Each structure stands twice: as C-alpha cells, then as structure tokens.
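As a plain string of letters, each chain reads:
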Amino acid sequence: MRFRKLLPSALVLFAALNAQAADVILKPFVLASKGAGTVAEKTEQIRAALTGAGFSVVGSYSPYADAQILIVTSDDLKKNAAASENGGYGAAQRVAITKASNDVQVSYTNPVYMANVYRMKGDLSGTAAALGTALGSIEEFGAKGMTAA
C-alpha cells in the first residue's frame, strides 16, 4: 500500500531529475586548440582557416603583447542578427590567439551561448559547428555556465 502512494511521487521526482540532466550547460568560450608556435604564425593560420570556412575577418586588435583578437562575421551571423532584436551582439564573434606559458592557445566566443544570452531568433549552432570545424573545439570554459533557459 505504501509503495502505491510513493510511486507517483517517485515518478515525478525521477522525471524532474531527467529533465534537469537533459539541460545542457553552456559556457561563454570555447578552447579550440593549444600547441607550439608563435602568436603571429598561428594568427595567419587562423585567418586562412576562417576565410576557408566562409567567415570574414572584419577587425583585429592586440590588447597586450602575445595576444591577438580577430573579429569575424559570416552571412549566417548577419542574417540572424538582422532577425533578432538584440542581434547586433551576435553579428560578430571574437577569436583569441594568446601565448600561455609555452603554448599558443586559440579560443573563441561560443555562438550558442551568445544566441541564448541575447535571446536571438536562431541558436547559431551552425556557426558553432563551422567554427569548430575550422578551428577545433577542445572544451567550453568561462563562468560557471548556464542552461538555455
């Protein structure tokens, strides 16, 4: 008898835990690669890879020695930006090439995270896939992460 009374509660709890486990934790940055080389060499390789993947490098800056930031966009990013109230925040992505200890690290802003943060119309998963193919994708990092909700 007790089992019958507890079963509905247990099923609701199980369903809630499953739904929670299904929520993907998004983080703001993606580590694309790390390895030997110089920032200048890696920057040229990254520019070529991005251009080959359909991205345009629309700006760059160096905030400090051994760091280069590329600002990139694509037709998909611009199309999604035009369809979204806060689309300007997602019209471009930043790619960072930095020297860290003996490695040169390449990272980029996570398009899916940005699409959710700014409640954009599209989820930018295609852009994330294109960046991952062009640059690599080892792990997401930064902040504690959050779900799309």
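Right above here is the structure, for reference.
Now for a quick tour of the structure. Throughout, residues of each chain are indexed from 1 in the direction in which the sequence is written. Totals for whole chains, interfaces and linings use every residue, but because this is a predicted model, local features are given only for residues with pLDDT of at least 70 and side-chain atom pairs only at 80 or more, for both listing and counting. As a rule here, side-chain values cover all heavy atoms of the structure and leave hydrogens and water aside.

1. Quick word on the packing of aromatic side chains
Aromatic pairs are defined between Phe, Tyr and Trp rings, using the six-membered ring for Trp, whenever the two ring centres lie within 6.5 Å; interplanar angles under 30 degrees are classed as stacked, those over 60 as edge-to-face, and all others as tilted. Summed over all chains, the structure comprises two aromatic pairs. A centroid spacing of 4.4 Å and a plane angle of 10° characterise the contact between Tyr89 and Tyr118, whose relative ring orientation is stacked. Here Tyr89, found in the loop between α3 (75–82) and β4 (93–100), pairs with Tyr118, found in the loop between α4 (111–117) and α5 (125–135); they are 29 residues apart in sequence, far enough to count as distant. Judged by its relative accessible area of 26%, Tyr118 is partly exposed. Secondary structure elements are taken from DSSP: a helix is a run of H or I of four residues or more, a strand is a run of E of two residues or more, and numbering for both begins at the N terminus. Three labels apply to residues, based on accessible area from a 1.4 Å probe with only protein chains included: buried if under 20% of the type maximum, exposed if over 50%, partly exposed otherwise in between.

2. Remarks on the nonpolar core
Core analysis: the biggest nonpolar cluster contains 19 residues, and Ile46, Leu50, Leu70, Val95, Ile97, Tyr108 and Leu135 have the highest contact counts within it. Contributing elements (two or more residues each) for this core: β1 (29–35), α2 (39–52), β3 (67–73), β4, β5 (103–109) and α5. We define a nonpolar core as any set of buried Ala, Val, Leu, Ile, Met, Phe, Trp, Tyr and Cys residues linked to one another through side-chain atoms lying within 4.5 Å.

3. Quick word on the sheet that holds strand β2 (residues 56–61)
Strand pairing is defined by DSSP finding a minimum of two bridges between the two strands. Spatially, six strands are ordered β2-β3-β4-β5-β1-β6 in an open sheet, and the strand pairing comes out antiparallel. In the strand order of this sheet, the two ends are held by β2 and β6 (139–141), each with one partner. Neighbour to neighbour, the strand axes of the sheet diverge by 30° on average, direction disregarded. Helix axes use the C-alpha atoms of the stretch in contact, all axes being lines fitted to C-alpha atoms, and the angles between their N-to-C directions lie in the range 0 to 180 degrees.

4. Here we look at α2
Think of an α-helix as turning once every 3.6 residues; residues three or four places apart then point the same way. A helix is expected to span 1.5 Å for every residue after the first. The end-to-end C-alpha separation of α2 is 20 Å, in line with the 20 Å expected for 14 residues at 1.5 Å each. Listed as buried for α2 are Val39, Lys42, Thr43, Ile46 and Leu50. For α2, the angular spread of buried residues about the axis comes to 105°, placing them on one side. Among the exposed residues of α2, those pointing more than 90 degrees away from its buried face are Ala40, Glu44, Thr51 and Gly52. Where α2 is buried, its residues meet β2, β3, β4, β5 and α5. Each direction from the helix axis to a C-beta atom contributes to the arc, which is the arc of those directions. Should any heavy atoms of two residues lie within 4.5 Å, those residues are considered in contact.

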